[in-house]
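Listed below, chain by chain, are the residues.
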Amino acid sequence: MLKLATVIGISSALITSCGQNKETKPKVDPTKIEVVGSSEAELTAPPFVPKPVGDRKATKLIVHMEIIEKEGVMADGVKYIYWTFGGSVPGSFIRTRIGDEVEFHLKNHPDNKLPHNIDLHAVTGPGGGAASSFVAPGHEVVFSFKVINQGLYVYHCATAPVGMHIANGMYGLILVEPEGGLPPVDKEYYVMQGDFYTKGANGEKGLQPFDMAKAIKEQPDYVVFNGSVGALAGDKAITAKVGETVRLYVGNGGPNLVSSFHVIGEIFDNVSIEGGSLVNHDVQTTLVPAGGSAIVDFKCEVPGTFIIVDHSIFRTFNKGSLGMLKVTGDENKTIFSGKQSEQVYHPEGGTIQTMPEDANASKLAKPTSLAERIEDGKSIYNKTCFACHQANGEGLPNAFPPLAKSDYLNADINRAIEIVLKGKTGEIAVNGKKYNSVMTAQTLTDEEVANVLTFVYSTWGNNKKEITPDMVAKMRKSTK
Ligand code: CU
């Protein structure tokens, strides 16, 4: 058992310090831990975390945090005014150890429009520091606290209307490590979920204001990791190598939803439940409450792209809570063989399935240029096609044909349109390889079919043809 060493390492360290233990190390009263010297805290933007505390003594740790209100990108073509701690959503990661005395400097940038404050769940004291840290634009406040409980804690703005400040991105994580630090791992990352409420529906372009009515009804348009759709995907994916151990500091800013945090194709070897001292093992999905956290770690045994999701799964494929961990290295066919064989299986009566319609689809703005058509097509691809044909159109061997540099695709545009509209069964040959799978008919509007195909034709070495809604409408008629 390769995993045993890490499992035992973590559980003994945490059990010792939480006191429900089988070990007899005397527990030090954390309020009495002496501080030695002072130092400036390292702060990091997601998905990165500061260096581990290691065996350093408790110290006076000085944190300089600046609140910045700024425009950012929620999704392709969708802008949002974020309110941030340190310029990122989630805010800067703060890393402390038990017994540290934190001197917190909170600055509200003079260009900001509103007063803010901070409630740190790692603080023992009224409001978690909220009242003491209330700060107007162009001001700086200072308050101090001693961290006397280890664990991973959420911090957030608590200025009225509190829900709105949190919904605009004002949350982050502060880690309190035990004496001697957490057991070392090879890679550590910072992942925090949040739900967002915009006036326009999901995907509606332009600068989208916050929608209070949707927030009260708890009906978000976006549910995302690290502040925006795609913040942890594609070339922003987090990475590891086969054989490495990975630890994720997972937070949930809410403001409303609870997260069913899951990494597809991995099992968490250890989970610090709710970010506290109780460690569970061999967990598939862990619940992360709004305003709560979890620390998960696992060893990467095989290479691949591991999709990070909120397993309330419509949020993932329709609202944005999709991240990626890309693991590189050698295959281990004993742990995972890949597909070993495939035969045709068409039971009697098998037909092509149709995807249900999306009532919102037709309300979205129409693109006015080729570039916009491609942009739109990209977001449709990422919602509709990506799961089978893969992120870069590379397909899946023996199952789903590639769309990248595809001779089949480039040979006949009308055939491609027809397949998207009507689905496809039976054997085809793409780039010299045979595929025999079922593609479902897609219920997309003419506009959407045009956009997604134009995106595919414009990318990955294809022949750059533009498909128009008229071409799709014509095919739809002629194949009825
Ligand atoms: Cu605020």
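Residues numbered from 1 in each chain as written. Predicted model: local features only at pLDDT ≥ 70, side-chain atom pairs only at ≥ 80, totals over all residues. Heavy atoms only, no water.

A.B. asks: Any chance you could explain the overall build of the chain here in plain terms?
C.D. replies: In terms of helices and strands, the chain carries ten helices and 24 strands. Expected size for 480 residues packed as a compact globule is a radius of gyration near 23 Å; at 25 Å, the chain falls within 12% of this value. With the C-alpha coordinates of the chain rotated into their principal frame, the extents come out at 80 × 55 × 35 Å. Burial analysis of the chain (480 residues in total) assigns 49% to the buried set. Taking as baseline every contact in the chain between residues at least 6 positions apart, the subset at least 24 positions apart corresponds to 70%. Roughly 22,600 Å² of accessible area belongs to the chain as shown, and the carbon and sulfur atoms make up 55% of that amount. In the chain, which carries 47 positive and 53 negative side-chain charges, the distance between the mean positions of the two groups comes to 4 Å. (Helix = DSSP H or I, 4+ residues; strand = E, 2+ residues; numbered from the N terminus. Rg over C-alpha atoms; globule rule 2.2 N^0.38 Å. Buried < 20%, exposed > 50% of the residue type's maximum accessible area, 1.4 Å probe, protein only. Contact = heavy atoms within 4.5 Å. Areas by Shrake-Rupley, 256 points an atom, 1.4 Å probe, with all protein chains shown as cover. Lys, Arg positive; Asp, Glu negative; His and termini not counted. Charge placed at Lys NZ, Arg CZ, Asp CG, Glu CD.)

A.B. asks: What is the right way to look at the state of the cysteines in this model?
C.D. replies: In a disulfide, the sulfur atoms of two cysteines are held together by a covalent bond. Across all of its chains, the model carries zero disulfides by this definition. C385 forms no disulfide, and the closest cysteine sulfur to it belongs to C388, at a distance of 8.8 Å. Judged by its relative accessible area of 32%, C388 is partly exposed. (Disulfide = S-S within 2.5 Å.)

A.B. asks: Before we go on, may I ask you to explain the coordination of the copper ion in this structure?
C.D. replies: Octahedral metals with six donors have ideal donor angles of 90 or 180 degrees. Tetrahedral metals with four donors have an ideal donor angle of 109.5 degrees. Donor atoms from the polypeptide that coordinate the copper ion comprise H116 (ND1), C157 (SG), H165 (ND1) and M170 (SD), at 2.0 to 2.6 Å from the metal. One way to put it: the four donor atoms around the copper ion meet at angles of 87 to 138°, and that makes the site irregular. We note that the donor set of the copper ion lies within a single chain, spaced as H-x40-C-x7-H-x4-M. Taken together, the residues H116 in the loop between β6 (101–108) and β7 (119–120) and H165 in helix α2 (residues 162–167) connect sequence positions 49 residues apart. Neither residue differs from the other here; H116 and H165 are each classed as buried. (Donors = N, O, S within 2.8 Å, 3.2 Å for Na, K, Ca; no water. Tetrahedral: all angles 85-135°; square planar, octahedral: opposite > 155°, others 65-115°.)

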